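# An overview of the molecular structure
Given next are the chains, with one letter for each unit.
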Amino acid sequence: MLQASPDAADAATRPRIAIEAVTPTVDGGRFPVKTVVARSVTVEADVFADGHEVLRADVLWRGPNEQEFRREPMTFLLNDRWRAAFTPEQIGRHDLAIEAWWDEFGTFRRDLTKKREAGLDVALETDEGLHLLEEAAANAPADLARALSDIILKTRALDTKARVEALLSPETHAAAVAADPHHFASRTELYPVDVERREAGFASWYELFPRSESGDPTKHGTFRDVIKRLPMIRDMGFDVLYFPPIHPIGITNRKGPNNTLTPGPSDVGSPYAIGDETGGHDAIHSELGSLDDFRALVKAAVDHDLEIALDFAIQCSPDHPWLKEHPGWFKWRPDGSMKYAENPPKKYQDIVNVDFYGPDAIPGLWQALRDVVLFWIDQGVTIFRVDNPHTKPLPFWEWMIGDVRARHPEAMFLSEAFTRPKVMYRLAKVGYSQSYTYFTWRNQKYELMEYLTELSTTAPKDFFRPNFFVNTPDINPFFLQTSGRAGFLIRAALATTLSGLWGMYSGFEICESAPLPGKEEYLDSEKFQIRTRNWNQPGNIVQEITRLNRIRRENPALQSHLDVHFHNCFDDAVLYFSKSRTAADGAGIEDMILVFISLDPHDEKHAPYELPLWEFGLPDGATVQVEDLMRGNSFTLTGKSQWIYLNPNELPFHVWRVTRPAGVA
């Protein structure tokens, strides 16, 4: 049934110009679009109105604590679609809007030009043009009003032909644009844009357990021991050094080696069983050192161009002080006991969970957890990897991350949520800077292509940043268990070239893969015991990882998962793709990174492929210059049809930089 219409006067106040299908936005503006500082943001919208008047539109944007909007003029594309771009210059929450209006003088100029070309009498039209300029001058600032008045006086004294020339001149057009009264202006609501620092989108993570850094399996490592490892980690090209929890470890139900329930008196337990009588989430395990030692480590890391990231795991050992101090933050069973954590069939007898909606939890528990993060920020840590965030309330994360980043916009959070896609995406929407992904289990060509296409071309591209970890202390992928050294090189190449964010857990560089039989877990897991390693053992891939990280730093095209293009290589075991960099003057592609990766760690591959000359605007028979970034040699390729060779016993991938040779068509 039709609803009663408002009165005519009310209807006439409604926008005459429609602004629709604004991109990028997330859920219509409910959540912010994510980007990083100094990266251009391209904005598009459908802008149209009744009639045939010329329209103009601007993107309006402002940064944190800015009252005035900056403007970027939008360009008409096709079918009422408009586009503009802006580049944020500071981190923090930005506002974005689009404003459109009737360009009355622009409409006049268009129509006057057509009538003149048709040989019509346009004397009256020149009077109309002068009237439009007078109207603009009446509402313009003083200097602009004087300039318009001068134009009007000079033009009015001319004959019709000269008037037309004056009204169509660039000088008159520029003055009219500057004084445009924006008739029928329509503006969208404000859309949020979250601008983070560069490392939110491009970084290489290295994970280690500080307690394993003594070099002696019978001696607990310290923060001072970690400092000795910093040069090696830096030299491999990593940006972020990430630790599992560094807090006191509970005694009750402490785990022994390989997750057993029968620990010996010297067993160190799992660092995820947080808290004992000495403290909880804001305390340090005594055998690692003191808070001063930790601060010294943070400073030393900075001196080595590294940032420390800490694990934020919201769970407690039964010995955590909170159980006695704040029993209302937990859910107790009828017999007075507490159910330990589990993820069937896995059981975590050494851990209990907080109750976010317990009788005393709001706001006390929520604020206490936020204050834990703020405490570590005060110690110089601004990156947090969050354990199992999908098992904690989404409203908590939106509030907590928002509160922390309002105080410290440099803070970043990595979501370790190996769960359902929509939950993973929602966590990114509510504030997570980066996210673990399904990459760990994507091994086939079609799987990788489908997943990257989803991440780079559908809705998640505007808010979800994938961090491609190749392994974790919890995940020893089946692929790596049987693939040998070639398999580790394959996964490293995939992670470093497909995403701007990647990470590895220590031991990967020496191809460590011994599993618990039948499980995606490590034998003698470092989660439950101290592990020492020989970083120089034969067969290590330290040099290859170092080279890959250097290539990423030197080639901006590889610093994001976006703009990946898959090309034809006629072998289902060879993934072939490109990432390109556009010339600064906008004149097409300046250079292109071509990547070939064999997904078969056992057999050689020799396959035909198509060289994407068309991406450079070149004919099928053209020649391009190629630099092999891994091997360090250069050569030329001529023609679209080529062959590639990949040997798992040497290097099962190629990373090439392709450029158009000067003077070669």
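Residues numbered from 1 in each chain as written. Predicted model: local features only at pLDDT ≥ 70, side-chain atom pairs only at ≥ 80, totals over all residues. Heavy atoms only, no water.

## Examining the overall build of the protein chain
If you tally the helices and strands in the protein chain, you get 15 helices and 28 strands. Overall size of the protein chain, expressed as C-alpha extent along the three principal axes, is 105 × 70 × 55 Å. Of all 665 residues assigned to the protein chain, the portion counted as buried reaches 55%. Nonlocal contacts in the protein chain, meaning residues at least 24 apart in sequence, comprise 75% of its contacts between residues at least 6 apart. When the accessible surface of the protein chain is totalled, it reaches about 29400 Å², and 51% of it is carbon and sulfur. Taking the average location of the 71 positive side-chain charges in the protein chain and that of its 95 negative ones, the two points are 2 Å from each other. (Helix = DSSP H or I, 4+ residues; strand = E, 2+ residues; numbered from the N terminus. Buried < 20%, exposed > 50% of the residue type's maximum accessible area, 1.4 Å probe, protein only. Contact = heavy atoms within 4.5 Å. Areas by Shrake-Rupley, 256 points an atom, 1.4 Å probe, with all protein chains shown as cover. Lys, Arg positive; Asp, Glu negative; His and termini not counted. Charge placed at Lys NZ, Arg CZ, Asp CG, Glu CD.)

## Describing the sheet that holds strand E22 (residues 574–582)
As summarised here, the arrangement of the six strands in space is E21-E22-E23-E28-E25-E26, forming an open sheet in which the pairing is antiparallel. Two strands close off the open sheet at either side, each with one partner strand: strand E21 (564–566) and strand E26 (634–638). Across the sheet, the mean angle separating the axes of adjacent strands is 30 degrees when strand polarity is ignored. Docked against the sheet, helix H13 (residues 445–457) engages E21 and E22, running at close to 145 degrees with respect to E21. (Pairing = 2+ DSSP bridges. Axes fitted to C-alpha atoms, helices over the stretch in contact; angles between N-to-C directions.)

## A short note on the UniProt feature "active site" (unreviewed entry) in the protein chain
UniProt marks Asp 387 and Glu 416 with the feature "active site" (unreviewed entry), using the numbering shown here. Taken together, the annotated residues stretch across 30 residues yet fold into one region, lying no more than 5.4 Å apart by C-alpha. Looking at the secondary structure, you find Asp 387 in strand E16 (residues 383–387). Apart from the residues lying within four places of it in its own chain, the contact partners of Asp 387 are Tyr 272, Asp 311, Phe 312, Ala 313, Gln 315, Lys 392 and Glu 416. Relative to the elements of secondary structure, Glu 416 occurs in strand E17 (residues 412–416). The exposure class of Glu 416 is buried, given its relative accessible area of 8%. Discounting residues that sit within four places of it in the chain, Glu 416 has contacts with Arg 385, Val 386, Asp 387, Asn 388, Pro 389, His 390 and Tyr 436. (UniProt positions renumbered as here; feature names shortened; annotations may be inferred.)

## Considerations on the environment of Ile 597
When you line up the elements, Ile 597 lands in strand E23 (residues 589–598). Not counting residues within four places of it along the chain, the set of residues in contact with Ile 597 comprises Ile 490, Ala 493, Leu 494, Thr 497, Ala 573, Val 574, Leu 575, Phe 577, Leu 646, Pro 652 and Phe 653.

## Looking at the pattern of salt bridges
For the structure on display, the rule yields 48 salt bridges. Where Glu 398 meets Arg 30, a salt bridge forms, and the shortest distance between an N and an O atom there is 2.9 Å. Of this pair, Glu 398 sits in helix H11 (residues 394–407) while Arg 30 sits in the loop between strand E1 (17–23) and strand E2 (33–36), and the two are 368 residues apart along the sequence. On the basis of relative accessibility, which here comes to 30%, the residue Glu 398 falls in the partly exposed class. (Salt bridge = Lys/Arg side-chain N within 4 Å of Asp/Glu carboxyl O.)

## Considerations on the pairing of strand E4 (residues 55–62)
Counting buried positions over the eight residues of E4 gives seven, a clear majority of the element. Where E4 meets strand E8 (residues 92–102), eight bridges bridge the pair, whose relative direction is antiparallel. The residue bridging Asp 58 from the neighbouring strand is Glu 99, located in E8. Direction of pairing for E4 relative to strand E5 (residues 70–73): antiparallel, over a ladder of four bridges. Along E5, the bridge assignment pairs Asp 58 with Pro 73.

## A closer look at the packing of helix H4 (residues 142–156) against helix H6 (residues 170–178)
Taken N-terminus to C-terminus, the directions of H4 and H6 make an angle of 140 degrees; their axes are 10 Å apart at the nearest point. Read as a crossing pair, H4 and H6 show a hand that is left-handed. Two secondary-structure elements touch here, H4 through Leu 144, Leu 148 and Ile 151 and H6 through Glu 171, Thr 172, Ala 175, Ala 176 and Ala 178. For the contact of H4 with H6, the per-class residue count stands at six nonpolar, one polar and one charged. (Left-handed = near helix turned anticlockwise from the far one by under 90°. Nonpolar A, V, L, I, M, F, W, Y, C, P; charged D, E, K, R; others polar.)

## A look at the sheet that holds E17
One open sheet accounts for eight strands, arranged E18-E17-E16-E13-E12-E11-E20-E19; its pairing is parallel. With partners counted over all chains shown, the strands left at the sheet margins are strand E18 (434–435) and strand E19 (467–469), one partner each. Lying over the sheet, helix H15 (residues 542–554) contacts strand E11 (203–207) and strand E20 (501–505), oriented at roughly 160 degrees with respect to E20.

## Comments concerning the pairing of E20
Among the five residues of E20, five are classified as buried, and the element is accordingly described as predominantly covered. Taking every second residue as pointing to the same face, both faces of E20 are buried, with Leu 501, Gly 503 and Tyr 505 on one and Trp 502 and Met 504 on the other. Relative to E20, E11 runs parallel, the two sharing five bridges. What sits directly across from Trp 205, in E20, is Gly 503. Two strands pair when backbone bridges link them, and E19 and E20 are joined in this way by three bridges, in the parallel orientation.

## Re the nonpolar core
Across soluble globular proteins, nonpolar side chains show a tendency to be buried alongside one another. Phe 294, Ile 308, Trp 397 and Phe 413 are the most contacted members of the largest nonpolar core, which has 129 residues in total. No other element matches helix H14 (residues 478–498), which puts ten residues into this core. If sequence neighbours within four positions are ignored, Phe 294 has contacts with Phe 223, Ile 246, Ile 284, Ile 308, Leu 310, Trp 376, Gln 379 and Val 381. (Core = buried A, V, L, I, M, F, W, Y, C linked by side-chain atoms within 4.5 Å.)

## What about the environment of Ser 290?
Within the secondary structure, Ser 290 is located in the loop between strand E12 (240–243) and helix H8 (291–303). Relative accessible area serves as the criterion here: at 32%, Ser 290 is assigned to the partly exposed category. Sequence spacing of Ser 290 and Leu 599 is 309 residues, and the spatial spacing of their C-alpha atoms is 46 Å. Residue contacts for Ser 290: discarding those within four places in its chain leaves Phe 223 and Ile 284. For Ser 290, the side chain forms a polar contact with the main-chain nitrogen of Asp 292, separated by 3.3 Å. (Polar contact = N/O pair within 3.5 Å; in protein donor to acceptor, adjacent residues only side chain to side chain.)

## Quick look at the UniProt feature "binding site: alpha-maltose 1-phosphate" (unreviewed entry) in the protein chain
Listed under "binding site: alpha-maltose 1-phosphate" (unreviewed entry) in the UniProt record, and renumbered for this structure, are Lys 255, Gln 315, Asp 350, Asn 388, Lys 527 and Phe 528. Residue placement: Lys 255 occurs in the loop between E12 and H8. Of the residues examined, Lys 255 reaches a relative accessible area of 1% and is grouped as buried. Tracing the chain through its elements places Lys 527 in the loop between E20 and H15. If we skip the residues at most four places from it in the chain, Lys 527 touches Phe 209, Arg 211, Gly 269, Ser 270, Pro 271, Tyr 272, Pro 473 and Asp 474. A distance of 2.7 Å separates the side chain of Lys 527 from the side chain of Asp 474, its partner in a polar contact.

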